[in-house]
Amino acid sequence: MSKPTRTRDFSVPMLTVTNLKRVFDVSAPLLNRLLEGKGRSIVRAVDGVNFSIKAGETFSLVGESGCGKSTVARLIVGLYEPSDGSINFEGVEIGSATDRAKHPDIQGRMQMIFQDPYASLNPRWRVGDIVAEPLRFRKLLSGNAEIEKRVGELLAQVGLSPLDARKYPHEFSGGQRQRISIARALAGEPEFLVCDEPTSALDVSVQAQILNLMKDLQRRLGLTYLFISHNLAVVYHVSDKVGVMYLGRLVEWADTQTLFDRPLHPYTRMLLDAIPDLDMTGRARTPVAGEVPSPLNPPPGCSFHPRCPLANERCKREVPKAIPVEGGAVACHAVEENRLPPWKTQAAA
Amino acid sequence: MTSPKLLEVKNLRVEFPTRRGTLVAVDDVSLEIAAGEVLGVVGESGAGKSMTGTAIIGLLEPPGRIASGEIRLEGRRIDNLPYHEMRKIRGRQIGAIFQDPLTSLNPLYKVGDQLVETILTHLPMTHAQARDRAVKLLEDVGIPSAAERINSYPHQFSGGMRQRVVIALALAAEPKLIVADEPTTALDVSIQAQIIQLLKKLCREHGTAVMLVTHDMGVIAETADRVAVMYAGRIAEIGPVQEVIKRPHHPYTMGLMGAIPTMGHKTERLTQIDGSMPRLNAIPRGCAFNPRCPKVFDRCRVERPDLMPAGQSHASCWLVAKEPAHV
Amino acid sequence: MNLLAEYWRRGRDSDIWYSFTRNKLVMASAAITLLFFLGAYGAPLLAPHNPFDLASLNLSDGFKPPAWEEGGEPKFLLGTDDQGRDILSTIMYGSRTSLSVGFLAVVFAMTLGIALGLLAGYMGGAVDAFIMRVADVQLSFPAILIAMLVDGVTRGLLGADQHSKAAIYVLIVSIGLSYWVQYARTVRGQVLVEKNKEYVQAARVIGLPGPLIALRHVLPNVLGPVLVIATINLALAVITEATLSFLGVGLPPTQPSLGTLINTGQQFLLSGEWWITIFPGAALAILVLSVNLLGDWLRDALNPKLR
């Protein structure tokens, strides 16, 4: 594009997250607590997460509702402040708000794409102004003519017409709005894009368009993605590495192919089993049990133990620590104690 | 047709008169469901699949109305019944499961009361018998400690449990057909699997037919016997599930299958159908898919194709008309 | 010019215009309101007489009944008061004062309410709690009482003489202060909703500071219901001014509004000169009713759920 890419040190990961924690206080108001004798209630939305992302790759966080993946995304991008732990971007610590304020240029290199295409664009602003906002705020360009030209380029890059800049968001479909969101994210010339379920609200055929577009852009602009999703098939398609979260903890992460071929953690295996089988190879399914417990009252020890077929006494008491394995890590006592049964590999279509 | 037809929809047309003209949400849709079979109706948003389901249950909101066509349940017409007649059919002959379990249950009434009310409305029994039946239904759908949970309120159940209660409610009066509109979309993946299994099992046991409306092809693959693919208010293709998924004939179905990411093999690019589904007030002439179709030719732009035999399925596509029916 | 034509075309095409032209009652209300505005602000040109030009008054013209009654004259269509002022003209001039006070009071209340509501909603925490408690306390007092309180305090501070000159401004401020709460609450509620939407989060990720986001992004989206409240509020403000003036704590008799007219006229009601108070009263009632109906319709027309 217009600017030369920064020289990057590929030996150091681009983003490193260490022991990241975020706690939400959802207690009832003081008066209610006094009258009803209730204690404080807190939700450990993110409870000690560790991972790193290399430049140019796509790292996905996958999990069901309440697992904390969206919170991790927001912590990284600065919408929440961590309760503990560190976020390190290219060697610079940007966890707390004060740290982040010291490095506004780093903030400018990160951008986010949101899930809801209808709520992520200001309904009262014209599309052109929405896309131009990062340009104007960061003073990357000056003069209306320059800005207009650049907005046109960005819109064309995401598959829309430069003339669309004059329209309002409600004149576009969901998929087109996501494209506008992507154009806005790209306006600031970021290197790191956090994508929070960008295609979950879209139809299948539109999703395909957006995923293809994102892959193209990644190749052309050298972007790094943190991709959040609950859809394992999508994650399989886009990611280089995948991390599985459950109730605020990262239970397993690995290279995509490794994770899907040889999942280790019982929850990962359960998730893979639960996906409806489009290929209908008629594979036998292990029975799935129970539901995700409320994050207000997670089970002690390993939070997955009530649903785990391999749970033993230790699992009920002790939180498993992450054990490095080939290409990733897994936090499971059964793995550590070598109690894991072999996994039937899926037959290719 | 070997099994008797339970539900027959012929040339159904659902319209919405607005001040800018009449919008046709369902355009000349014909389908059949045999007793005990599961028909999936799949399509993207705006395709008209929910509208078809709603029309069959008779819950179309005015100004939407059935403009023409017939809906027959066991041979008897139900699309033109007066309100109180349709009420008897709804619940007793046709049950319904909607997407959001939060709003499908009345938050102010205990779950047991809602079940008993439904049972007593349609089946002649005493209150005590109805209550016993309600407990048994809750057990069947897998609610633990059913005899106690029957006195709980909907908000005291989790999302997956609530959907199970909704299924129990739908089955309470032993209907012959259940219309399920996106029953698993609002649920987590692992719960989805449980609910799908449950639905399959119960419907097989009770001999209930299911019309499963969803946008999720994976759910259809697991659950349905036959599937209808809808596009812009019309049926693009209909046939046995393995046929439509593995050997689609309509270019839209082919595009749709290619667009779904699967975990069997990694592709660089997903199949992309350029453009998007036309809005209801801008449906193209001829075949509704023609502006986006990679195999379009002149006839497609002028003449609208009806469903034609294609292998073991039917597809509304002129390409199919060229070839004589062969496998 | 092209932009105007564009807006005109869009307006004609819109759903609001459609709903407007189909509702005869609302069209009539709009026409009446328009008539009042024209009559009030065009009074210097349109009124048959200038009732405040003391030179033109003639005491012998006093107490003339309306033109269609026995003893009336066509040049005093609705009769005259005790000073010989033409009732129709006084109504027109009085409406001007009433509408001006009402309108400006609403603008004041709106500005104050929106500002406080935005602040409370966006900042949350202690600021929000403080502003809302003040609002709650104020709501427990009737608006009239608050207006009277402010009025009385300024009267005490300024002295009667100064107060007369500044009366109209004091009145605007006091009425405005009694009505800001509704705007603040509504705006705050909307801000709480919009604050959590992704476009606000997107602005934060870009790095925009809070106040800028509140003003540029959130404010345009929370103004919707404000227009409806303002329209209905206008009627309320006019009534409040009339009430205050009627009670003698509003405008002095030298600056007549519909309220003062009703007030001065009521002493003649029982002695038979009914027109001096009834006509201004009827005018007030019709104006307020029309504006209220317009406001009601606007609220329903702008409600996306009813469309």
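Residues numbered from 1 in each chain as written. Chains lettered and ligands numbered in written order. Predicted model: local features only at pLDDT ≥ 70, side-chain atom pairs only at ≥ 80, totals over all residues.

A.B. asks: Account for the overall build of chain A, with residues named and values stated.
C.D. replies: Scanning chain A from terminus to terminus reveals 13 helices and 12 strands. Whereas a compact globule of 349 residues would reach a radius of gyration of roughly 20 Å, chain A reaches 22 Å, a difference of no more than 12%. Along the three orthogonal principal directions, the C-alpha set of chain A runs to about 70 × 60 × 40 Å. Split into buried and exposed, the 349 residues of chain A put 46% on the buried side. Pairs at least 24 residues apart make up 65% of the contacts formed inside chain A by residues separated by at least 6 positions. (Helix = DSSP H or I, 4+ residues; strand = E, 2+ residues; numbered from the N terminus. Rg over C-alpha atoms; globule rule 2.2 N^0.38 Å. Buried ≥ 20, exposed ≤ 12 C-beta atoms within 10 Å, placed from the backbone. Contact = placed C-beta atoms within 7 Å.)

A.B. asks: Could you give an account of the sheet that holds strand β11 (residues 308–310) of chain B, naming the residues involved and the relevant values?
C.D. replies: Residue and element names in this part refer to chain B. Strand order across the open sheet formed by eight strands is β6-β7-β8-β3-β9-β10-β12-β11, with mixed pairing between neighbours. Edge strands, defined here as strands with exactly one partner in the open sheet, are β6 (94–97) and β11. Each strand of the sheet is rotated relative to its neighbour by a mean of 20°, with strand direction disregarded. Judged from the two bridges that link them, strand β10 (residues 234–240) and strand β12 (residues 313–315) form a sheet pairing that is antiparallel. Bridge pairing links Glu237 to Ala315 in β12. (Pairing = 2+ DSSP bridges. Axes fitted to C-alpha atoms, helices over the stretch in contact; angles between N-to-C directions.)

A.B. asks: Mind laying out helix α2 (residues 69–77) of chain A, listing which residues take part and the relevant values?
C.D. replies: All names here are of chain A. In terms of burial, α2 is a largely internal element, nine of the nine residues being buried. Those residues of α2 lying buried are Lys69, Ser70, Thr71, Val72, Ala73, Arg74, Leu75, Ile76 and Val77. One or two steps after α2, the chain reaches Gly78, where phi turns positive at roughly 100°.

A.B. asks: Tell me about helix α4 (residues 111–122) of chain B, residues and numbers included.
C.D. replies: Residue and element names in this part refer to chain B. Between its first and last C-alpha atoms α4 spans 17 Å; for 12 residues at 1.5 Å apiece the expected length is 16 Å, and the two agree. Within the sequence span of α4, burial applies to Val111, Gly112, Gln114, Leu115, Val116, Thr118 and Ile119. For α4, the elements touching its buried residues are α2 (83–92), α5 (127–140) and α7 (159–171). (Expected span 1.5 Å × (residues − 1).)

A.B. asks: Account for the interface of chain A and chain B, with residues named and values stated.
C.D. replies: Many analyses report the size of an interface as the accessible area lost when the parts associate. Counting from both sides, the interface comprises 34 residues of chain A and, opposite them, 35 residues of chain B. At the level of elements, α8 (204–221), α9 (232–238) and α11 (266–274) of chain A are the ones that each hand at least two residues to the side of chain A that touches chain B. Of all the elements, α8(A) adds the most residues to the side of chain A that touches chain B, at seven residues. Across the side of chain A that touches chain B, the residue classes tally to 20 nonpolar, nine polar and five charged. (Nonpolar A, V, L, I, M, F, W, Y, C, P; charged D, E, K, R; others polar.)

A.B. asks: A description of the pairing of strand β1 (residues 15–25) of chain A should follow, citing residues and the corresponding values.
C.D. replies: Residue and element names in this part refer to chain A. Relative to strand β2 (residues 42–53), β1 runs antiparallel, the two being bridged by nine bridges. Each residue of the ladder has a partner; that of Lys21, found in β2, is Asp47. As paired elements, β1 and strand β4 (residues 84–89) share five bridges and run antiparallel to each other. Note that in β4 the partner of Leu15 across the bridge is Phe89.

A.B. asks: Describe the sheet that holds strand β5 (residues 92–93) of chain A, naming the residues involved and giving the relevant values.
C.D. replies: Residues and elements named next belong to chain A. Strand order in this open sheet of four strands is β2-β1-β4-β5, and the pairing throughout is antiparallel. A strand with exactly one partner marks an edge of an open sheet, and here the two such strands are β2 and β5. Across the sheet, α2 is in contact with β1, β2 and β4; its angle to β2 comes to roughly 65°.

A.B. asks: I'd like to hear about the packing of α7(B) against helix α8 (residues 189–206) of chain B, residue by residue, with values.
C.D. replies: A pair of packed helices is captured by two measures, namely the crossing angle of their axes and the spacing between those axes. Residues and elements named next belong to chain B. Relative orientation of the contacting elements α7 and α8 amounts to 15°, with a least axis distance of 10 Å. Between α7 and α8, the interaxial angle falls into the category roughly parallel. In the crossing of α7 with α8, the sense of the turn from one axis to the other is right-handed. Residues Gly159, Gly160, Gln163, Arg164, Ile167 and Leu171 of α7 touch α8, and the partners they reach there are Ile191, Gln194, Ile195, Leu198, Leu199, Leu202 and His206. (Parallel < 35°, antiparallel > 145°, perpendicular 65-115°, else oblique. Left-handed = near helix turned anticlockwise from the far one by under 90°.)

A.B. asks: Could you give an account of the environment of B:Thr208, naming the residues involved and the relevant values?
C.D. replies: Residue and element names in this part refer to chain B. Among the structural elements, Thr208 can be located in the loop between α8 and β8 (209–214). For Thr208 and Gly36, which are 172 residues apart along the polypeptide, the C-alpha to C-alpha distance reads 4.8 Å. Sequence-distant contacts of Thr208, that is, excluding residues within four places in its chain, are made with Leu171, Pro175, Lys176, Leu177, Ile178 and Cys203.

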